[in-house]
Amino acid sequence: MTTLTGKNSIAGSWSAEGSQTFTSIDPRTRRPGDVNFHSATAQEIDRAVTEAAAAFQETRQYPASRLADFLDTAADEIDNLRDDLIATADYETALGSPRLPGELTRTTSQLRAFGGLLREGSYVEAIIDTALPDRQPPRPDLRRMQVPLGPVAVFSASNFPFAFATAGGDTASAFAAGCPVIVKGHPGHPATTEIFAIALNRAVEASGFPAGFFSMVQGDGIDVGQTLVQHPLLEAVGFTGSLRGGRALFDTAAQRPRPIPVYAEMGSINPVVILPGALAARGGALVETLVASATLGAGQFCTNPGLVLMLDSAETRTFIERYTAEMRARQPQIMLNAAIESGLARTVEQTVSSGGVEVLTGGEAIPEGGFCYAHTVMQADSIQFRSNPNLHHEHFGPVTLFVTCASLDDLRLTIGTIEGQLTGTIHGEAEDIDAARPLIDSLRERVGRLLWNGVPTGVEVVYAQQHGGPYPATTAPATTSVGRTAIKRFMRPVAYQNLPAALLPDALQDENPLDILRIVNNTYTRESIKP
Ligand code: NAP
């Protein structure tokens, strides 16, 4: 096993200047671990960002192929520590197998996929409008491409110790852009964070990159994150976690003398609509499928289907009864940490005490053993749902709220009151298509991903993925935190006007030496520009 130091990793050096410490907590037993992790001091955070800014002066000049090689090396170094990472994360999160091995494979695949994107090269989005000297007034030569932003702070998520953490999607996409990264480790899995830092430090060194390209700071209070986001040399923030945390960091970044973008992926209740044709054709199977999705990973997914909308009928009532029985019959799983268990208890309590909602099963924490909350089903009607904001809040865990609607119009009206979401799902058969059309139209305005006859958990990491959505699902609805286009968050376009060829980057040269897909005079092409 890797020997842990409990220190922060500042530009390749291990550092523990602060006296404030915390430990891992085993979620299965609620007992503390024996390594003391040091919360980073303001001086350590300053060093991390200053070194990152210095590193950026080099890495922003690197060709894409060099960054791609680095990403491959990082994935290899993580693979070298695979057994340690899985065992340590299991101790800290209780997420177990097959979840953790699968998530680690996804994490290294993401790093390598960004390498592929860089080697192909077209991600710089070169757009060229050549000069029209004879036009009146003459049109200048304009050539635009994406360039990296600079040092990025990445906040790890509690519920994805690998794929949305130290070397997760935010870090991979920022590195791919050429941006140095300072990770704020999640206090729920500090040992896992440290092992990732070892792997990434090895990759930085083996690749000959400046040490400031990667730093990791630990902390179990908001001070570390707040200090980091306020640092004047920081250029952007990637975050996955609560609405409260994401919004606080967004506000902090906006109040800086020089505001910077915050790409925060936050809460979502992921509405699922079940139409009558689907209910009649496969209601029994749908119970199984939906319960499996709602209880996966103890319901601790930002894509957990927390809200199910149905037309009120005898069949719907039978469906909800069966769903409730299935939720009650399944063994609740261990949750990640005390804050998540108590946060869930608090939000359910708030919802129930606000009135108009019936608890069909669950509704309480399970005190024996580890952190655990009963599988919970609640029900309300559409009038109550529309008028009670508590019913729109995320209940982060194995909790489902059924909302019954009097008619299709009522269903459409109800969807119209839902805030921004990561996903929206419709279950329907051929006879439901006409009914589905206006619902999809309304859902599209509120979500990042629309599903037909599926479950929202299970986010494919492919080019076409959109993992984002209007606020409050995220603070940046035009972007995604999963898939290759996630790189766009850490780049910005620059247009070069009338620059001589000798001063233009390769991506914008007439000859197209990188052989990338470009838009030249309004047409997608790989052709060179003829004189
Ligand atoms: P969190 O409380 O938002 O914390 C995430 C990270 O942000 C932690 O490193 C935390 O630092 C930091 N942070 C939080 N508030 C901050 C602030 N005001 N200023 C500076 N930094 C701040 O999320 P969590 O611990 O993962 O889980 C708590 C709740 O978040 C859950 O109950 C759930 O509702 C929600 N959640 C949502 C998702 C999702 O994907 N939608 C995922 C996970 C959790 P410290 O902990 O060191 O203070």
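Note that the structure is a prediction, hence the values are computed from the model and not measured. (Residues numbered from 1 in each chain as written. Predicted model: local features only at pLDDT ≥ 70, side-chain atom pairs only at ≥ 80, totals over all residues. Heavy atoms only, no water.)

Next up on the list: the packing of helix α9 (residues 276-295) against helix α10 (residues 314-329). In a pair of packed helices, the angle between the axes and the distance between the axes together describe the arrangement. The N-to-C vectors of α9 and α10 enclose an angle of 35°; their axes lie 10 Å apart at closest approach. Crossing of α9 against α10: the hand is right-handed. In contact with Leu 279, Gly 283, Gly 284, Leu 286, Val 287, Glu 288, Leu 290, Val 291, Ala 294 and Thr 295 of α9, α10 contributes Glu 315, Thr 316, Phe 319, Arg 322, Tyr 323, Glu 326 and Met 327. A breakdown of the residues in the contact of α9 with α10 according to their chemical character gives nine nonpolar, four polar and four charged. (Axes fitted to C-alpha atoms, helices over the stretch in contact; angles between N-to-C directions. Helix = DSSP H or I, 4+ residues; strand = E, 2+ residues; numbered from the N terminus. Left-handed = near helix turned anticlockwise from the far one by under 90°. Contact = heavy atoms within 4.5 Å. Nonpolar A, V, L, I, M, F, W, Y, C, P; charged D, E, K, R; others polar.)

With that settled, consider the nonpolar core. Counting residues in hydrophobic clusters, the biggest one holds 96 residues, and the most contacted among them are Leu 401 and Ile 487. Examining the composition of this core, we find that eight residues originate from one element, helix α6 (residues 190-206), more than from any other. Built from parts of two domains, this core gets at least three residues from each of domain 1 (37-266 + 480-488) and domain 2 (271-452). Among all residues touching Leu 401, those that are not within four sequence positions of it are Gly 306, Leu 307, Val 308, Val 357, Met 378, Gln 379, Ala 380, Phe 385 and Leu 391. Within the second largest apolar cluster, 22 residues are counted, among which are Ile 45, Ala 48, Phe 155 and Ile 182. (Core = buried A, V, L, I, M, F, W, Y, C linked by side-chain atoms within 4.5 Å. Buried < 20%, exposed > 50% of the residue type's maximum accessible area, 1.4 Å probe, protein only. Domains from an automatic or database assignment.)

With that settled, consider the domain arrangement of the chain. Interfaces are often sized by the amount of accessible area the parts lose when they come together. When its domains are assigned, the chain resolves into domain 1 (37-266 + 480-488) and domain 2 (271-452). Look at where the C-alpha atoms of domain 1 and domain 2 centre, and you get two points 33 Å apart. With 11 residues of domain 1 in contact, the opposing surface of domain 2 contributes 10 residues. Both faces combined, the contact of domain 1 with domain 2 buries some 830 Å², and carbon together with sulfur accounts for 61% of it. For the pair domain 1 and domain 2, the number of links is zero salt bridges. The interface formed by domain 1 and domain 2 contains one residue pair in polar contact (both at pLDDT 80 or more). (Buried area = accessible area lost by both parts, 1.4 Å probe. Salt bridge = Lys/Arg side-chain N within 4 Å of Asp/Glu carboxyl O. Polar contact = N/O pair within 3.5 Å; in protein donor to acceptor, adjacent residues only side chain to side chain.)

Before going further, it helps to spend a moment on the site of the ligand. In the vicinity of the ligand there are 25 residues, among which Ser 158, His 186, Ser 242, Met 266 and Cys 302 approach most closely. Contacts to the ligand include Glu 265, whose side-chain N or O atom sits 3.4 Å from an oxygen atom. Separating a nitrogen atom of the ligand from a backbone N or O atom of Met 266 is a distance of 2.5 Å. When the ligand is considered free in solution it has 860 Å² of accessible area, and contact with the protein chains removes 86% of it. Looking at the shell around the ligand, the elements with two or more residues in it are α7 (222-230), β12 (236-240) and α8 (243-255). (Near = heavy atom within 4 Å. Areas by Shrake-Rupley, 256 points an atom, 1.4 Å probe, with all protein chains shown as cover.)

Another aspect to go through is the environment of Gln 497. Here Gln 497 lies in strand β21 (residues 491-497). As a C-alpha pair, Gln 497 and Leu 142 span 355 residues in sequence and 4.6 Å in three-dimensional space. In this view, Gln 497 contacts Pro 140, Asp 141 and Leu 142; residues no more than four positions away in its chain are not counted.

What follows is about the environment of Leu 290. Turning to its location among the elements, Leu 290 is positioned in helix α9. The spacing of Leu 290 and Pro 305 is 15 residues in sequence and 7.7 Å in space, taken between C-alpha atoms. In this structure Leu 290 touches Val 272, Ile 274, Pro 305, Val 308, Phe 319, Tyr 323 and Val 455, once residues within four positions along its chain are discounted.

The tally for this structure, following the rule as stated, stands at 16 aromatic pairs. Ring centres of Phe 70 and Phe 209 lie 4.7 Å apart, and the angle between their planes is 20°; on these two criteria the pair is classed as stacked. With Phe 70 in helix α2 (residues 64-80) and Phe 209 in the loop between α6 and β11 (214-217), the pair connects residues that are 139 residues apart, well separated along the chain. You can call Phe 70 buried: its relative accessible area is 0%. When its relative accessible area of 7% is taken as the criterion, Phe 209 is described as buried. Note that Arg 66 overlies the ring of Tyr 62, its terminal NZ or CZ placed 4.1 Å from the centroid. (Phe/Tyr/Trp six-rings, centres within 6.5 Å; stacked < 30°, edge-to-face > 60°. Lys NZ or Arg CZ within 6 Å of the ring centre and 35° of its normal.)

So, about the pairing of strand β14 (residues 271-274). Side chains Pro 271 and Val 273 of β14 all project onto a buried face; the interleaved residues Val 272 and Ile 274 project onto the opposite face, where all are buried too. The sheet contact formed by β14 and strand β19 (residues 421-427) spans three bridges and is parallel. Paired with Ile 274 across the bridge in β19 is His 427. (Pairing = 2+ DSSP bridges.)

The residue Glu 235 is located in the loop between α7 and β12 in this model. A C-alpha to C-alpha distance of 9.3 Å links Glu 235 and Val 262, two positions 27 residues apart in sequence. Ignoring sequence-local partners within four residues, the contact set of Glu 235 consists of Leu 149, Gly 150, Pro 151, Arg 258, Ile 260 and Pro 261. A polar side-chain atom of Glu 235 sits 3.0 Å from a polar atom in the side chain of Arg 258.

This part covers the side chain of Gln 218. Turning to its location among the elements, Gln 218 is positioned in the loop between β11 and α7. Exposure remark for Gln 218: the relative accessible area of 0% places this residue in the buried category. Filtering out sequence-adjacent residues up to four positions away, Gln 218 remains in contact with Lys 7, Asn 8, Phe 22, Phe 37, His 38, Ser 39, Ala 40, Gly 185, Pro 190, Thr 193, Glu 194 and Val 224.

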